[in-house]
Amino acid sequence: MLIDGVLGPAESGKFIVEHGSLVKINQKGVVKVAEQILEAAKDGSIKEALFLSPELHPKSGDKEAVQWVFLVDTINFSFWPDEGAHYDVSWNGKTYTGYFSACAAVNKAIAAKIPVLSAEWMKNVTEEEIDRIFKSDSGHSIPLLEERVKAINESGRVLLEKFNGEFYNCVMKSERSAQTLLKLIVENFTSFRDFAEFHNQKVSLLKRAQILVADVYGALQGHDDIADFKDISTITMFADYRVPQALAYLGALDYSQELLDQIGEGKRLDNGSAAEVELRGASIAVCDEIVDYMNKLRATDPRYTDVREVTAMEVDVFVWGYRRIHAADVEKKIPFHRTRCIYY
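From a predicted model like this one, the values you see are computed outputs, not experimental measurements.

Enquirer: How would you sum up the overall build of the chain? Please name residues and give values.
Expert: Scanning the chain from N- to C-terminus turns up 15 helices and six strands. Taken against the 2.2 N^0.38 rule, which gives 20 Å for 344 residues, the C-alpha radius of gyration of the chain at 20 Å falls within 12% of a compact globule. If you line up the chain on its principal axes, its C-alpha atoms span 55 × 45 × 45 Å. Counting the 344 residues in the chain, one finds 56% classified as buried. Within the chain, contacts between residues at least 6 apart in sequence are counted, and of these 75% link residues at least 24 apart. Total accessible area computed for the chain in this model is approximately 14800 Å², and 48% of it derives from carbon and sulfur atoms.

In structure tokens, the structure reads:
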């Protein structure tokens, strides 16, 4: 259990697949994707770093980098624009979309000497100022502006009340355990509580909380052993709307016609609905199965005995990146589900 009778993400994924009816794991697809990722690990084409886009992410490996990660992951949700709107932000001569646009906006604010990494600033910042900082190049406000302000204000308040203003102190309390840090995040910061109820069982998907753990791990690697989490491989993939789409395209997930009818033509799913929970839970479960099969191949198949272990987090990064590279083809064949919420 994670907290208060809530299953952790890995257990939640298994439970959801066992009790769901709209999404199924395709074992032939699991084998295909596992071999594809192992080949990428073998030839080095898989991205080793979880901490993506080096031109945007801090390289300092210090407390300030951890605070940057915490702020960005506090608002790391729902960047896709409403119909007729755009959300893109330019920084240093390059235009970014989605999550990377928020990174660019934070860096622009830091360059303008706005103290966005201060817990005091986070606690007290107004909606007007957040709107100004995260405004897109086209003049559109960032989606869910009010909810982002609420999340930033809460994060700043909790940092001041419990961690002397620095998320680094929360990382210290984890004692090099990814699971302990995950629990600390969920227990203390309510905006990260990505929970649902499915077949009378409380489950957790925890996309943002787990990405925060992974980003701290990535940001401090080679700089500070406080984030040398010995159990980092227990972090699952990060259940959102693009990775399930790509996993279905690659053949590892099978969508029922009933599900396709619910998500096609720009339709939206409510956060916590059965279809949405199944999609996200199945992507956690299938990525764990892909990892298990890769480990089996590494132990038994001469082609892969010298290949290093690949974690579920890296499966996520690989599949997410694959979708971006093959976006046009993926979009033609498999729709992605749209859910407007603060959890992803």
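Enquirer: I'd like a description of helix 2 (residues 27-43), backed by residues and values.
Expert: Taking 1.5 Å of rise per residue, the 17 residues of helix 2 would be expected to cover 24 Å, and the 25 Å separating its terminal C-alpha atoms lies within 8% of that figure. By the burial criterion, the buried members of helix 2 are Gly29, Val30, Val33, Ala34, Ile37, Leu38, Ala40 and Ala41. All buried residues of helix 2 project into a common sector of 160° when viewed along the axis, lining one side. Seen from the buried face of helix 2, the exposed residues on the opposite side, beyond 90 degrees, are Lys28 and Asp43. The inward-facing, buried residues of helix 2 abut strand 1 (23-25), helix 13 (274-300) and helix 14 (312-325). If you check the start of helix 2, you find a side-chain oxygen 3.0 Å away from the backbone N of Lys28, and it comes from Asn26.

Enquirer: Hey, could you go over the packing of aromatic side chains for me, with residue numbers and the actual values?
Expert: Here a ring pair, both rings aromatic, is described through the centre-centre distance and the interplanar angle of the planes. The tally for this structure, following the rule as stated, stands at 12 aromatic pairs. Judged by centre distance (6.1 Å) and plane angle (20°), the rings of Phe163 and Phe189 are stacked. Of this pair, Phe163 sits in the loop between helix 7 (145-162) and helix 8 (167-173) while Phe189 is found in the loop between helix 9 (178-188) and strand 4 (195-198), placing the two residues 26 residues apart along the sequence. In this structure Phe189 comes out as buried when scored by relative accessible area, which is 0%. Put simply, the rings of Phe70, Phe163, Phe167, Phe189 and Phe192 pair up and form one aromatic cluster. For Arg148, the ring lying beneath its charged end belongs to Phe77, and the centroid distance is 4.3 Å. Here the guanidinium or amino end of Arg242 rests over the ring plane of Phe336, the centre of that ring lying 3.8 Å away.

Enquirer: Lay out the nonpolar core with the relevant residues and their values.
Expert: By size, the foremost hydrophobic cluster in this structure holds 67 residues, and its most contacted members are Phe134, Phe167, Val213, Val216 and Phe229. Apart from residues no more than four positions distant in its own chain, Phe229 is found in contact with Val171, Ser174, Arg176, Ser177, Ala178, Leu181, Val213, Val216 and Tyr217. Tyr255, Ile263, Leu279 and Val310 belong to the second largest nonpolar core, which has 54 residues in total.

Enquirer: Give a detailed account of the side chain of Gln210, specifying residues and quantitative values.
Expert: Positionally, Gln210 belongs in helix 10 (residues 207-220). For Gln210, the contacting residues outside a window of four places in its chain are Pro9, Leu182, Leu205, Ile235, Thr236, Met237 and Phe238.

Enquirer: Any chance you could break down the layout of surface pockets for me, citing the residues and the numbers?
Expert: Roughly 1000 Å³ of internal volume is contained in the largest pocket. Residue lining of the largest pocket: 41 residues in total, with Gly98, Tyr99, Tyr241, Arg242 and Trp320 positioned closest to the centre. Of all the elements in the fold, those that place two or more residues in the lining of the largest pocket are helix 4 (98-111), helix 10, helix 11 (242-249) and helix 14. Among the residues making up the lining of the largest pocket, the classes are represented as 20 nonpolar, eight polar and 13 charged.

Enquirer: Summarise the packing of helix 9 against helix 10; cite the residues concerned and give the values.
Expert: Where helix 9 contacts helix 10, the two axes come as close as 10 Å, and the packing angle between them is 130°. The orientation of helix 9 relative to helix 10 falls into the category oblique. As for how helix 9 packs across helix 10, the hand of that crossing is right-handed. Of the residues in helix 10, those touching helix 9 at Ala178, Leu181, Leu182, Ile185 and Val186 are Ala209, Gln210, Leu212 and Val213. In terms of residue class, the contact of helix 9 with helix 10 is built from eight nonpolar, one polar and no charged.

Enquirer: Requested: an account of the pairing of strand 5 (residues 201-204), with residues and values cited.
Expert: As paired strands, strand 4 and strand 5 are joined by four bridges and run antiparallel to one another. Among the inter-strand pairings, Phe198 is bridged to a residue of strand 5, identified as Gln201. Hairpin remark: strand 4 followed by strand 5, antiparallel, with two residues in the connecting loop; positive phi at His199, about 50°.

Thresholds, definitions, all that
Residues numbered from 1 in each chain as written. Predicted model: local features only at pLDDT ≥ 70, side-chain atom pairs only at ≥ 80, totals over all residues. Heavy atoms only, no water. Helix = DSSP H or I, 4+ residues; strand = E, 2+ residues; numbered from the N terminus. Rg over C-alpha atoms; globule rule 2.2 N^0.38 Å. Buried < 20%, exposed > 50% of the residue type's maximum accessible area, 1.4 Å probe, protein only. Contact = heavy atoms within 4.5 Å. Areas by Shrake-Rupley, 256 points an atom, 1.4 Å probe, with all protein chains shown as cover. Expected span 1.5 Å × (residues − 1). Arc of directions from axis to C-beta. Polar contact = N/O pair within 3.5 Å; in protein donor to acceptor, adjacent residues only side chain to side chain. Phe/Tyr/Trp six-rings, centres within 6.5 Å; stacked < 30°, edge-to-face > 60°. Lys NZ or Arg CZ within 6 Å of the ring centre and 35° of its normal. Core = buried A, V, L, I, M, F, W, Y, C linked by side-chain atoms within 4.5 Å. 1 Å grid on protein atoms, 1.4 Å probe; cavity = no way out; pocket = protein on both sides within 12 Å on 5 of 7 lines; lining within 4 Å. Points joined across faces, edges and corners; volume = space filled by probe spheres on them. Nonpolar A, V, L, I, M, F, W, Y, C, P; charged D, E, K, R; others polar. Axes fitted to C-alpha atoms, helices over the stretch in contact; angles between N-to-C directions. Parallel < 35°, antiparallel > 145°, perpendicular 65-115°, else oblique. Left-handed = near helix turned anticlockwise from the far one by under 90°. Pairing = 2+ DSSP bridges.

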